[in-house]
Amino acid sequence: MSGEPLVVLTSVNKHFGSLHVLRDIDLTIHKGEVVVILGPSGSGKSTLCRAINRLEPIGSGTITIDGVPLPEEGRALANLRADVGMVFQSFNLFAHKTVLENITLGPTKVRKVPAAQARTRAMELLERVGVANQADKYPAQLSGGQQQRVAIARALAMDPKVILFDEPTSALDPEMVNEVLDVMVTLARGGMTMVVVTHEMGFARKAADRVVFMADGQIVEENTPAEFFTNPTTTRAQDFLSKIL
Ligand code: ADP
Ligand code: MG
């Protein structure tokens, strides 16, 4: 990947009490790059994602987005969060708002996009993720796969520079996993910068430019998916792969 650096973590450390959850993380994500983060449960993957949009403050080190250090708080942080989309395992749609309202809320409130323009764009995005016919429903009326596709459309509506996906298919019934992964593969091929925590090795093989393998809060190994899956070099990665492949 030859894009410019977009998200740069330098010597990032974080503790939860005595637990050293991120250890000297150095990671650069380039524009247009798709990075899949793998690792056992508890290795710090979610904390890493949450640190990138400052849902979790870090203890030491620096994180920059497009050259700008993460703001501590206030308006600057709200703007930064708008640049860094996030799609969670648990959809996190606003239950009391329609699908369409879920998508227009951020652009109108944070980006100050006029309502009519936000609606037009929202409908285009819903079309793109294949749920335009659900626009006036409430999240609970949709399947999990549909809700997660709405969550992706909602992230896209902010025109983010990068989208972080934290196990976006883990809470889905198996038959709905592919409809969400297909949307993500299309996004990846369209040049979106993506950081994806997932256990879907098929997605990693198909869409990742790079696999980052974490264990115990550290980046233990990183490589192209082809190399990582066929020739993992560390015993940690070999163990991990032997359990899931
Ligand atoms: P992963 O996403 O790789 O499963 P996490 O980043 O969620 O890992 O968690 C890493 C470690 O930090 C785990 O041991 C977890 O129990 C712990 N942890 C996560 N969030 C908190 C928190 N808010 N307070 C205390 N410990 C936490
Ligand atoms: Mg996690």
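Residues numbered from 1 in each chain as written. Chains lettered and ligands numbered in written order. Predicted model: local features only at pLDDT ≥ 70, side-chain atom pairs only at ≥ 80, totals over all residues. Heavy atoms only, no water.

K.L.:
How should the sheet that holds strand β10 (residues 218-223) be read in this particular structure?
P.N.:
Strand pairing in a sheet relies on backbone hydrogen bonds. The paired strands run either parallel or antiparallel. Strand order in the open sheet formed by six strands is β6-β7-β8-β3-β9-β10, and the pairing between neighbours is mixed. At either margin of the open sheet sits one strand with a lone partner, and together these are β6 (84-87) and β10. Taking the axes of each pair of neighbouring strands and ignoring which way they run, one obtains an average angle of 20° across the sheet. Helix-sheet contacts for helix α5 (residues 144-157) involve β6 and β7 (162-166), and the interaxial angle to β6 is about 175°. (Pairing = 2+ DSSP bridges. Helix = DSSP H or I, 4+ residues; strand = E, 2+ residues; numbered from the N terminus. Axes fitted to C-alpha atoms, helices over the stretch in contact; angles between N-to-C directions. Contact = heavy atoms within 4.5 Å.)

K.L.:
For this particular structure, what's the right way to read the site of ligand 1?
P.N.:
Within the structure, ligand 1 sits among Phe16, Leu19, Val21, Pro40, Ser41, Gly42, Ser43, Gly44, Lys45, Ser46 and Thr47. Ser43 has a polar backbone atom sitting 3.1 Å from an oxygen atom of ligand 1. Within the contact set of ligand 1, an oxygen atom lies 3.0 Å away from a backbone nitrogen or oxygen of Gly44. Summarising the interface, the protein chains cover 59% of the accessible area of ligand 1, which totals 560 Å² for the free molecule. Secondary-structure elements contributing two or more residues to the shell around ligand 1 are β2 (19-30) and α1 (45-52). A total of three residues in the shell around ligand 1 trace back to one element, the largest contributor, which is α1. (Near = heavy atom within 4 Å. Polar contact = N/O pair within 3.5 Å; in protein donor to acceptor, adjacent residues only side chain to side chain. Areas by Shrake-Rupley, 256 points an atom, 1.4 Å probe, with all protein chains shown as cover.)

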